[in-house]
Amino acid sequence: MAILTMSVVVLDIGLRRVRREAASEAAVLRERLTALERTARPTATPSRPAEEFVITELGSDPGHTRPAGSVRPAATDEAPTVPGPLFADLVLRETTVQAGALLAGVRRALDPETRARVRVAMRQELRRSRKQRRVETRLARRAWAARQRQQPDAAERVA
């Protein structure tokens, strides 16, 4: 029980630290967003006639469009990378959530009501299987007796 309590305390401390870090990162991102919004200017509409553009293309940049007849650019093999601290944060969060779910499941499984429900279900299944076994034994005995009645005695066949 002490180990479980210690685990919960350690997980709680880690969760609080992660939440503080996430809140500080969110504040930094909000500041960056407001700075970008201030510098953004509306773009002027083009005066020339619009060309036909392909706007759905797998593997291209989401903001990039190209004319329908143009040649497709070569694809880059660079995979997106996640910085180390962010990766560690994601792993810690996922592990924390999984540990919490496991603890909740164990607590629910060890609940006296759940154990009693399982005990009753096992007793019912045991009774059902015994009854089924008795029925099958009775049928097998009847079939064996019928075969014995159909066959002539072994003593009469020898004579």
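Just so we're clear, the structure is a prediction, and the values are computed from it rather than from any experiment.

S.K.: Before we move on, can you summarise the overall build of the chain with the specific residues and values?
M.R.: Of the regular secondary structure elements, the chain holds four helices and two strands. Counting over 159 residues, the chain shows a buried share of 4%. Accessible surface, the chain: about 15000 Å² in total, of which carbon and sulfur atoms supply 60%.

S.K.: Now, about the layout of surface pockets: what can you tell me, with residues and values included?
M.R.: Gaps between atoms show up when a probe of the same size as a water molecule is rolled over them. Of the voids in this model, the second largest pocket is the one considered here, and its volume is about 150 Å³. Lining the second largest pocket, in full, are Leu-4, Val-8, Leu-103, Val-106, Arg-107 and Leu-110. Sorting the residues of the lining of the second largest pocket by element identifies helix H1 (2-39) and helix H2 (84-109) as the ones contributing at least two each. Of all the elements, H2 adds the most residues to the lining of the second largest pocket, at three residues. Of the residues in the lining of the second largest pocket, the class split is five nonpolar, no polar and one charged.

S.K.: Could you give an account of a positive patch on the surface, with specific residues and numbers?
M.R.: A contiguous patch of positive charge on the surface is contributed by Arg-115, Arg-119, Arg-123, Arg-127, Arg-130, Lys-131, Arg-133, Arg-134, Arg-138 and Arg-142. Here Arg-127 shows up in helix H3 (residues 112-150). Owing to a relative accessible area of 55%, Arg-127 belongs among the exposed residues under this scheme.

S.K.: So what's going on with the side chain of Thr-114? Residues and values would help.
M.R.: Here Thr-114 is to be found in helix H3. Once residues lying within four places of it in the same chain are set aside, the contact partners of Thr-114 are Arg-108 and Ala-109.

S.K.: Which residues make up a nonpolar patch on the surface, and what are the values?
M.R.: Nonpolar side chains collect at one region of the surface, where Val-82, Leu-86, Phe-87, Leu-90 and Val-91 lie side by side and expose about 430 Å² of accessible area between them. Within the secondary structure, Val-91 is located in helix H2. Judged by relative accessible area, which is 38%, Val-91 ranks as partly exposed.

S.K.: Account for the confidence of the model for the chain, naming residues and giving values.
M.R.: Overall, the prediction assigns the chain a mean pLDDT of 81, with 73% of residues at 70 or greater. Across the chain, the element-wise mean pLDDT spans from 54 in helix H4 (residues 154-158) up to 96 in H3.

S.K.: Outline the packing of H1 against H2, listing residues and values.
M.R.: At a minimum axis separation of 10 Å, H1 and H2 run at an interaxial angle of 140°. Considering their axes alone, H1 and H2 lie oblique with respect to each other. The two elements H1 and H2 meet at a crossing, and its hand is left-handed. Contacts between H1 and H2 pair Leu-4, Val-8, Leu-11, Gly-14, Leu-15, Arg-17, Val-18 and Ala-22 from the former with Asp-89, Leu-92, Arg-93, Thr-96, Ala-99 and Leu-103 from the latter.

Here is what the cut-offs are and how they apply
Residues numbered from 1 in each chain as written. Predicted model: local features only at pLDDT ≥ 70, side-chain atom pairs only at ≥ 80, totals over all residues. Heavy atoms only, no water. Helix = DSSP H or I, 4+ residues; strand = E, 2+ residues; numbered from the N terminus. Buried < 20%, exposed > 50% of the residue type's maximum accessible area, 1.4 Å probe, protein only. Areas by Shrake-Rupley, 256 points an atom, 1.4 Å probe, with all protein chains shown as cover. 1 Å grid on protein atoms, 1.4 Å probe; cavity = no way out; pocket = protein on both sides within 12 Å on 5 of 7 lines; lining within 4 Å. Points joined across faces, edges and corners; volume = space filled by probe spheres on them. Nonpolar A, V, L, I, M, F, W, Y, C, P; charged D, E, K, R; others polar. Patch = residues over 30% accessible without salt bridge, like charges linked within 9 Å, V, L, I, M, F, W, Y side chains within 5 Å. Salt bridge = Lys/Arg side-chain N within 4 Å of Asp/Glu carboxyl O. Lys, Arg positive; Asp, Glu negative; His and termini not counted. Charge placed at Lys NZ, Arg CZ, Asp CG, Glu CD. Contact = heavy atoms within 4.5 Å. pLDDT = per-residue confidence, 0-100. Axes fitted to C-alpha atoms, helices over the stretch in contact; angles between N-to-C directions. Parallel < 35°, antiparallel > 145°, perpendicular 65-115°, else oblique. Left-handed = near helix turned anticlockwise from the far one by under 90°.

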